[in-house]
Amino acid sequence: MAKKMRAVQVSNPKKAFEIVEKDIPSPKKGTARVKIQACGICHSDSFVKEGLFPNIQYPRVPGHEIAGVIDAVGEEVGNWKVGDRIGIGWYGGHCKICESCRRGDFITCSNPQVPGITYDGGYQEYMIAPIEALALVPENLSPAEVAPLMCAGITTFNALRHSGAIAGDTVAILGIGGLGHLAIQYAVKMGFRTVAIARGQEKATLSKKLGAHHYIDSKNQNVSEELKKLGGAKAILATATNTKAINDMLDGLSVNGKLVLLGVPEAPISVPVLPMIAGRRSVEGWPCGTSSDSQDTLSFSAMTGVRSTNQIFPLEKAEEAYQLMMSGKARFRVVLQTRFSEEI
Ligand SMILES: [Zn+2]
Ligand SMILES: [Zn+2]
């Protein structure tokens, strides 16, 4: 086996990625070496690229939408074995000692491990990952299909299934981008009356194609009034970051309705308090999920046909691919593939 591999790293924040040759790392106790086949590019990768995250040690290889195959294991890895197809997302391990960890709530760990941030992630040919970060991949999903589901997929799937809405309820998805186009599909497959909301008429056809039952054009229609005509939304997932668009929807929540924030708005949102009290309405944020949630996301997607629409680039074109993602023009997720992408 070759001893060297290619990696795309950020050596200095705000500079272009560097393609470097590195030694292939060996797994230690409780970890696996993953031969990476595909890695999605997420907006959060800009934390590393632009130096926006505290205490990142550079050089760092970004990437937390990882799909690959276990290629070697250290000691004490339970049932994980060479040849297992796996995915890794934002959750990359937990500290075991903070208050959240002691209560078993690992995703809110106050000292979290994150691939591509606290250790080298998926923009490379091999990586080392702790076994708690691994999610098993079902047979009928390709690496490029798996990758975006590890962050954009799990975040929307998990937020929806914990939103309190039940089958038949009305659920609205604000924004039809990387997260939104997956959220619409999940909402439909979970049995919600699904309302897609975006600016202008351009995305109306796409939203119907993704299965949405209703479309609201936020540029030309009053979103809250339109939601009220449907009886109000039991849950609204805000995947867009436009503060005004989020504010404009709040009045469209039903009694017990919940606004779930997934994107970070440009400015703080303003919440009219009286309707929140009178209708027991609420606003909450949702942080993706752990590796078992990722595994649920993958199984559900394989079973129901939910897929991300991807633009695929070879690993070496990471800079071009990243710039496309940052431009907001990607349709809809950008995925890097390594030379191992076709291997089983
Ligand atoms: Zn992400
Ligand atoms: Zn912890």
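On a predicted model such as this, the values are computed, not experimentally measured, just so you know.

Some details on the packing of aromatic side chains
Inspection of the entire model under this criterion finds eight aromatic pairs. Ring geometry for Phe17 versus Tyr123: centroids 5.6 Å apart, planes at 65°, classification edge-to-face. Of this pair, Phe17 sits in the loop between strand 1 (4–9) and strand 2 (18–23) while Tyr123 sits in the loop between helix 2 (99–102) and strand 6 (126–130), and the two are 106 residues apart along the sequence. Assigned by exposure class, Phe17 and Tyr123 land together as buried. Taking 6.4 Å as the distance between ring centres and 75° as the angle between the ring planes, the aromatic pair formed by Phe47 and Trp90 counts as edge-to-face. With a gap of 43 residues between them, Phe47 in helix 1 (residues 46–49) and Trp90 in the loop between strand 5 (85–88) and helix 2 connect regions that are remote in the sequence. Residue classification places Phe47 among the partly exposed positions, given a relative accessible area of 27%. An aromatic cluster is built from Phe17, Tyr123 and Tyr322, whose rings are joined through pairwise contacts. The ring of Phe340 carries the charged tip of Lys35 above its face, separated from the ring centre by 4.8 Å. Residue placement shows Lys49 over the ring face of Phe17; its charged tip is 4.6 Å from the ring centre.

Let's talk about the coordination of the zinc ion (ligand 2)
In this structure, Cys95 (SG), Cys98 (SG), Cys101 (SG) and Cys109 (SG) serve as the protein donors to the zinc ion (ligand 2), at separations of 2.3 to 2.4 Å. With four donor atoms in place around the zinc ion (ligand 2) and angles of 103 to 119° between them, the coordination shape is tetrahedral. Donor residues for the zinc ion (ligand 2), ordered by position in the chain, follow C-x2-C-x2-C-x7-C. Here the residue Cys95 occupies a position in the loop between strand 5 and helix 2, and Cys109 occupies one in the loop between helix 2 and strand 6, the gap between them amounting to 14 residues. Cys109 sits in the buried class, given a relative accessible area of 6%.

What about the coordination of the zinc ion (ligand 1)?
Bound to the zinc ion (ligand 1) on the protein side are Cys42 (SG), His64 (NE2) and Cys151 (SG), at distances that span 2.0 to 2.2 Å. If you list the donors of the zinc ion (ligand 1) from N- to C-terminus, the spacing comes out as C-x21-H-x86-C. Of this pair, His64 sits in the loop between helix 1 and strand 4 (66–73) while Cys151 sits in helix 3 (residues 143–161); the two residues are 87 residues apart in sequence, bridging distant segments of the chain. By the burial criterion, His64 is buried, and Cys151 matches it.

Points about the packing of helix 3 against helix 4 (residues 180–189)
Between helix 3 and helix 4, whose axes approach to 9 Å, the crossing angle comes to 45°. Judged by the inter-axis angle, helix 3 sits oblique to helix 4. As helix 3 packs across helix 4, the resulting crossing turns out to be right-handed. Facing helix 3, whose interface residues are Leu149, Ala152, Gly153, Thr156, Phe157 and Leu160, helix 4 presents Leu182, Ala183, Tyr186 and Ala187. When grouped by side-chain class, the residues that make up the contact of helix 3 with helix 4 number eight nonpolar, two polar and no charged.

Each value, and the rule that gives it
- Residues numbered from 1 in each chain as written.
- Chains lettered and ligands numbered in written order.
- Predicted model: local features only at pLDDT ≥ 70, side-chain atom pairs only at ≥ 80, totals over all residues.
- Heavy atoms only, no water.
- Phe/Tyr/Trp six-rings, centres within 6.5 Å; stacked < 30°, edge-to-face > 60°.
- Helix = DSSP H or I, 4+ residues; strand = E, 2+ residues; numbered from the N terminus.
- Buried < 20%, exposed > 50% of the residue type's maximum accessible area, 1.4 Å probe, protein only.
- Lys NZ or Arg CZ within 6 Å of the ring centre and 35° of its normal.
- Donors = N, O, S within 2.8 Å, 3.2 Å for Na, K, Ca; no water.
- Tetrahedral: all angles 85-135°; square planar, octahedral: opposite > 155°, others 65-115°.
- Axes fitted to C-alpha atoms, helices over the stretch in contact; angles between N-to-C directions.
- Parallel < 35°, antiparallel > 145°, perpendicular 65-115°, else oblique.
- Left-handed = near helix turned anticlockwise from the far one by under 90°.
- Contact = heavy atoms within 4.5 Å.
- Nonpolar A, V, L, I, M, F, W, Y, C, P; charged D, E, K, R; others polar.

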